[in-house]
Amino acid sequence: MDKFLIKKPRTVQESTPIESFDDSNTQNSLKRSRIDLNNLPSDPGLRPKILSYHPNDRDDIRRAYLQKGGPCQPIQHNFPQRDISGLLRCFNLAWFEEYKNWLEYSIEKDAAFCLCCYLFGLDGSNHKGGNAFVVEGFRLWNRKEKLREHVGGINSTHNRAVKGCEDLMKQPQHIQSVFEKHSTQEKPFRGHDESEDSSDRGNFLELLQSLADHNEDIKKVMLENTPKNHKLTHHDIQKDVVNAAACETSNAIIKEMGEAFFSILVDESRDISNEEQMALVLRYVNMKGIVIEQFIAIVHVSSTTSLSLKEAIESLFARHGLSLSRVRGQGYDGASNMRGEFNGHKALILRENESAFYVHCFAHQLQLTLVAVAKKHEDVADFFLVVANIVTVVGCPCKRHDALQNAQVANLQKASDNGDLKSGRGLNQVTTLKRAGDTRWGSYYNTLLNLIVMFKSAIEVLGMISADDPSTDHKAQARSIKKSMLSFEFAFSLHLVKNVMGITNELSITLQKKTQDIVNAMALVEMSK
């Protein structure tokens, strides 16, 4: 759990715990009060459920527990003995070392708990031993195998909760970096070489081989052991299997939703082959009262007119036994063909179902507002133009990127030796200048943060370019950018815009949470303004 330690917890707005997460009225009227995150209950037997806190505060509370140093493990405690099957038994202190990343002990309840599942396992009822390690506490000291059963396989609820803890404590990854990473690592569904001695035969054949390796009965009748060469691994067969899996997944989603009302989230875009696609997401409340968003399909459309999109939705609904009469909400990105008052997609659906209320995505409205303001204000527009040039000149070419990294390492080491920096796990990490994405205005905030941290190093690299680069144009460009960076106007704009975008970035992240409701969203917007 040491890898989760990043920085000291802080005081935030926290919600008063509520009796039931299922009660939406209680959530809407929830009053938030200040609380010191350093004084959260350490004993797992005394903690309120994580779902009892306000949705906007859960991540701060989760982070505070992780930053305290890991699970509650009172190694000096004198564990009491109990009679179990005629023998006196107690909690085994050695278990702390074996399961040090998640196992906790409650002195109050004399029971063991799982920190990760408490933070990210929701109600603990959907995996083996969940309630025992999250709600009730585990006390069967003679059944150590239950600890291993709780951990489960690689995709178990426990391991997904551990991954949630790790992701929470990582610095946000820039969207462009994620796309670049995926573009180099993702493989096509069918590998480039499907021969039997190939090490990369594609996902389908590799999964098939893994299934055969773990089941002797299946292994006898599949792949090279199939009778009369009936391997059923042709490309068309693979596509049929994928379509069948997609169909079963869609049916499972529709079955879970039942007869409940739902909202639709629709977006349209052009894929890499220049064909228009429409993505549809269903948003509903499940039987446990939890808001669920499920991607249901990508549909090819002949055009992106409002009428074509409506026809595509109706066709998709007909295949899955859904009806527009059950729609209670529409959510789009705000394009004119989607939200037009008279002929937009919103209006066409409202004519058939007046209860299908339209909500313009709050996060998208925020993005549009920031872009409009930045483009209309000359000083701000000029500032972002300089920032884009800095990233392009200093951070993009490999040679200059390496020079920037080396300069940053040297500056961090020098500052640390002089006592100007605090040292600790997760602090003073070497980063880089990231190119911001125009469609995600919030990404500019991370760019500005990194530029402030690497300001001195960037100046040094620009000086190297202006002095040593063989190209006269590159030298002139570097000198111009360096002059702009060293001006008072740029430094002032850098910190001013960073502070403003810090507020809007927090708002944007909060507005995109799945558990957000419109009443609280309006209050957050007003507070930010």
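Look up a bit, the structure's there.
### Considerations on the overall build of the protein chain
Then step 1. Scanning the protein chain for helices and strands turns up 22 helices and 11 strands.
Then step 2. Burial statistics for the protein chain: of 529 residues in total, 41% are counted as buried.
Then step 3. Long-range contacts, defined here as pairs at least 24 residues apart, represent 60% of the contacts in the protein chain between residues at least 6 apart.
Then step 4. Total accessible area on the protein chain is roughly 30600 Å²; 53% of this is exposed by carbon and sulfur atoms.

### Description of the state of the cysteines
Then step 1. A full pass over the atoms with the stated rule returns 0 disulfides.
Then step 2. As a non-bridged cysteine, C116 has C165 as the owner of its nearest cysteine sulfur, 3.8 Å distant.
Then step 3. In this structure C116 comes out as buried when scored by relative accessible area, which is 1%.

### Concerning the pattern of salt bridges
Then step 1. Going through the model one piece at a time under the given rule, you end up with 13 salt bridges.
Then step 2. Among the salt bridges present, the one from E98 reaches K144, with a minimum N-O distance of 2.8 Å. A residue pair is termed long-range when its members are at least 10 positions apart, and E98 in helix α3 (residues 94-98) and K144 in the loop between α5 (130-136) and α6 (145-151) qualify at 46 residues.
Then step 3. What makes K144 partly exposed here is its relative accessible area of 28%.
Then step 4. Salt-bridge contacts for R283 lead to E293; the nearest nitrogen and oxygen are separated by 2.3 Å. With a gap of 10 residues between them, R283 in strand β8 (residues 276-285) and E293 in strand β9 (residues 291-300) connect regions that are remote in the sequence.
Then step 5. With a relative accessible area of 25%, E293 lands in the partly exposed category.

### Quick word on the sheet that holds β8
By definition, the strands of a sheet pair up through backbone hydrogen bonds, in either a parallel or an antiparallel sense.
Then step 1. If you trace the 5 strands from one edge of the open sheet to the other, you get β9-β8-β7-β10-β11, paired in mixed fashion. If you trace the sheet from one side to the other, it starts and ends with β9 and β11 (357-360), each paired once. The average undirected angle you get between the axes of adjacent strands in this sheet is 25 degrees.
Then step 2. Inspection of the sheet shows strand β10 (residues 327-332) paired to β11 by 4 bridges, in the parallel sense. Looking across to β11, one finds that Q330 is bridged to Y358.
Then step 3. Its contacts with the sheet place helix α14 (residues 345-352) against β7 (262-270), β10 and β11, and it is angled at close to 175 degrees to β10.

### Description of the pairing of strand β6 (residues 111-114)
Then step 1. Neither face of β6 is open: one carries A111 and F113, the other A112 and C114, and all of them are buried.
Then step 2. By the bridge criterion, 4 bridges tie strand β5 (residues 103-106) to β6 in an arrangement that is antiparallel. Bridge pairing links S106 to A111 in β6.
Then step 3. Connecting β5 to the antiparallel partner β6 that follows it, the hairpin turn spans 4 residues, and D110 within it adopts a positive phi of roughly 50 degrees.

### Considerations on the packing of aromatic side chains
Then step 1. Going through the model one piece at a time under the given rule, you end up with 17 aromatic pairs.
Then step 2. Ring geometry for F91 versus W95: centroids 5.4 Å apart, planes at 80 degrees, classification edge-to-face.
Then step 3. Owing to a relative accessible area of 2%, F91 belongs among the buried residues under this scheme.
Then step 4. Taking the centre distance of 5.8 Å and the plane angle of 75 degrees together, the rings of F262 and F317 count as edge-to-face. Taken together, the residues span a long stretch of sequence, with F262 in strand β7 and F317 in helix α12 (residues 306-320) at a distance of 55 residues.
Then step 5. Judged by relative accessible area, which is 1%, F262 ranks as buried.
Then step 6. Here F317 falls in the buried class, since its relative accessible area comes to 3%.
Then step 7. Feature note: the residues F79, F91, W95, F96, Y99, W102, Y105, F133, F138 and W141 constitute an aromatic cluster, connected by ring pairs.
Then step 8. One Lys or Arg, R62, reaches over the ring of F120 and ends 4.5 Å from the middle of that ring.
Then step 9. Above the face of the F261 ring, R328 is positioned so that its terminal group lies 4.0 Å from the ring centre.

### Things to note about helix α15 (residues 362-376)
Then step 1. An ideal rise of 1.5 Å per residue puts 21 Å on 15 residues; α15 measures up with 21 Å between its terminal C-alpha atoms.
Then step 2. Residues of α15 that are buried make contact with β11, α16 (378-395), α21 (488-511) and α22 (518-528).

### Brief notes about the side chain of S263
Then step 1. In this fold, S263 is placed in strand β7.
Then step 2. For S263, the side chain forms a polar contact with the main-chain nitrogen of G329, separated by 3.5 Å.
Then step 3. Excluding its chain neighbours within four sequence positions, the residues that come into contact with S263 are V281, L282, R283, R328 and G329.

Here is what the cut-offs are and how they apply
- Residue positions within a chain follow its written sequence, with the count starting from 1.
- With the structure being a predicted model, the display of local features is reserved for residues of pLDDT at least 70 and the display and counting of side-chain atom pairs for 80 or more, all residues being used for whole-chain, interface and lining totals.
- Note that water and hydrogens are dropped before the side-chain values are worked out from all heavy atoms of the structure.
- Only DSSP runs of H or I with at least four residues qualify as helices, and only runs of E with at least two residues qualify as strands; both kinds are numbered from the N terminus onward.
- Only protein chains enter the calculation, and the probe is 1.4 Å; a residue is then buried if its accessible area is under 20% of its type maximum, exposed if over 50%, and partly exposed in between.
- Here, two residues are considered to be in contact whenever any of their heavy atoms come within 4.5 Å of each other.
- Accessible areas in this description were obtained via Shrake-Rupley with a 1.4 Å probe; residue shielding takes into account the shown protein chains only.
- Disulfides are defined as cysteine sulfur pairs within 2.5 Å.
- Each salt bridge in this description consists of a side-chain nitrogen of Lys or Arg and a carboxyl oxygen of Asp or Glu lying within 4 Å of one another.
- Two strands pair under a simple rule: DSSP has to find at least two bridges between them.
- Think of each axis as a best-fit line through the C-alpha atoms, taken over the contacting stretch in the case of a helix, with angles from 0 to 180 degrees between the N-to-C directions.
- The criterion for an aromatic pair is that two Phe, Tyr or Trp rings (for Trp, the six-membered ring) have centres within 6.5 Å, with stacked assigned to planes under 30 degrees apart, edge-to-face to planes over 60 apart and tilted to the rest.
- Two conditions define a charge sitting above a ring: the NZ of Lys or the CZ of Arg must be within 6 Å of the ring centre, and it must be within 35 degrees of the ring normal.
- Expected span, for any helix, means 1.5 Å times one less than how many residues it has.
- Pairs of N or O atoms are called polar contacts if they sit within 3.5 Å, as long as, within protein, a hydrogen donor faces a hydrogen acceptor (for residues adjacent in sequence, only side-chain-to-side-chain pairs).

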